[in-house]
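# Structural characterization, general
Below, each chain spelled out in residue letters.
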There are 2 protein chains.
Amino acid sequence: MDYYGSQINKLIEKLAMLPGIGQKSAQRLAFHVIHMPEDSVKELSEALIDARQNVHYCKECCTLTDQDVCPICRSEARDHRTIMVVETTRDLAAYEKTGKYNGVYHVLQGAISPILGIGPADIRLKELLTRLQGDVDEVIIATNNSLEGETTAMYISKLVKPTGIKVSRIASGVPVGGDLEYVDEVTLLRALEGRTEL
Amino acid sequence: MDYYGSQINKLIEKLAMLPGIGQKSAQRLAFHVIHMPEDSVKELSEALIDARQNVHYCKECCTLTDQDVCPICRSEARDHRTIMVVETTRDLAAYEKTGKYNGVYHVLQGAISPILGIGPADIRLKELLTRLQGDVDEVIIATNNSLEGETTAMYISKLVKPTGIKVSRIASGVPVGGDLEYVDEVTLLRALEGRTEL
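Since the structure is predicted, the reported quantities are computational estimates derived from the model, not experimental observations.

Of the residues in chain A, 97% reach a pLDDT of 70 or more, and the chain-wide mean stands at 89. Within chain A, helix α8 (residues 185-193) of chain A has the poorest average pLDDT of any element, 78, and strand β4 (residues 103-107) of chain A the best, 96.

Written as structure tokens, this is what we have:
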């Protein structure tokens, strides 16, 4: 029986389509929305539409932004000769939070994945190559430490090397605060291989 | 630095205000929304507004509904002489899912909580008393098994008893499939007190 009524059911259904939100959470959210001030619901509703309609890829680095060129690419305080290549805008955000990286980024918007049928032409590699024709000292590859990320890193390093530009890969090893006991073997071996002299 | 751009930040901020959605989930949801088909975003956005604007309390049982009187209260197949009192529409939904309860409901939209300053006048008790002036055989109290729920149950039973209508409380005990080992002592004692002869 339709004990909620169609309007509530519709909202629950739409919310449950979002990632990480199951039927129970969708119900909880829907009931929360019904009790929210009407203005707040309008603001949320508009923020959804605005973000979807006005956000696109930065012309320079392909990150998601609501401007033509993103604030990082426009900043004169950043070192535009160092480009860190990441898979997503969220990865960019993770490095920005450290506050220690002063170069710029290139966001691939994905990674090469033969299994998912994602090839080099499906990610923002062409745009990266175009940028490398300018003045660039180093390309730091910071794709994920996964099969796809590693494949992408290898592919990019092969593309960049002939240009003579330095290519590097972020280190792989035991996370800070990580207990050796709970770290998987592959990571332990990576950490051993990547050891640095003290 | 504002590396996301204001439109994305605004959406993240609005999403993070929802219950159970932290900063990280809000980010993930926002990026999902940006990649959703524009029509789906519009539908979600409209569902939010529609639910907020058109959902109100059923004139009979005070559940949330988008009609004047909810489908359960309108149904002739239900036994209108048995009223189950619950705290929220979600509790009603939980009992409806069992498919075995054929009476109607009364949704208090809360519970008495001296700590939170919620008194008997703040929940839908007046509406329940009005209903009891009609033909009612039994009031089944199914408020939560919490301090607030128990307080509310006691309060209601004292109100209903003088009317001569039968009042009952749903059983409290070990959940089905529950391992005694992991059940708290209060529940174990409740289960013992409430034992039934075989």
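This part is about the interface of chain B and chain A. Taken together, the 56 residues of chain B in the interface contact 56 residues of chain A. Carbon and sulfur atoms make up 67% of the surface buried where chain B meets chain A, a total of about 5,500 Å² over both sides. When the area that chain B buries against chain A is broken down by residue, the three leading residues are Tyr3(B), Leu48(B) and Arg52(B), summing to 13%. Counting across the chain B and chain A interface gives 2 salt bridges. Summed over the shared surface of chain B and chain A, the number is 11 residue pairs in polar contact (both at pLDDT 80 or more). Breaking the side of chain B that touches chain A down by element, the ones donating at least two residues are α1 (6-16), α2 (23-35), α3 (38-54), β2 (64-65), α4 (71-74) and α5 (89-98) of chain B. The element best represented in the side of chain B that touches chain A is α3(B), accounting for 14 residues. Here the residues of the side of chain B that touches chain A sort into 29 nonpolar, 14 polar and 13 charged.

With that settled, consider the pattern of salt bridges. Residues and elements named next belong to chain A. On inspection of all chains with the given rule, the structure shows 18 salt bridges over all chains. Two residues, Glu127 and Arg124, come together in a salt bridge whose shortest N-O distance is 3.4 Å. With a relative accessible area of 25%, Glu127 lands in the partly exposed category. For Arg124, a relative accessible area of 25% corresponds to the partly exposed category.

The next thing to look at is helix α3 (residues 38-54) of chain A. Taking 1.5 Å of rise per residue, the 17 residues of α3(A) would be expected to cover 24 Å, and the 24 Å separating its terminal C-alpha atoms lies within 8% of that figure. All of the buried residues in α3(A) are Val41(A), Leu44(A), Ser45(A), Ala47(A), Leu48(A), Ile49(A), Ala51(A) and Arg52(A). Considering only its buried residues, α3(A) is in contact with α2 (23-35) of chain A together with α1, α2 and α3 of chain B.

Basis of the calculations
Residues numbered from 1 in each chain as written. Chains lettered and ligands numbered in written order. Predicted model: local features only at pLDDT ≥ 70, side-chain atom pairs only at ≥ 80, totals over all residues. Heavy atoms only, no water. pLDDT = per-residue confidence, 0-100. Helix = DSSP H or I, 4+ residues; strand = E, 2+ residues; numbered from the N terminus. Contact = heavy atoms within 4.5 Å. Buried area = accessible area lost by both parts, 1.4 Å probe. Salt bridge = Lys/Arg side-chain N within 4 Å of Asp/Glu carboxyl O. Polar contact = N/O pair within 3.5 Å; in protein donor to acceptor, adjacent residues only side chain to side chain. Nonpolar A, V, L, I, M, F, W, Y, C, P; charged D, E, K, R; others polar. Buried < 20%, exposed > 50% of the residue type's maximum accessible area, 1.4 Å probe, protein only. Expected span 1.5 Å × (residues − 1).

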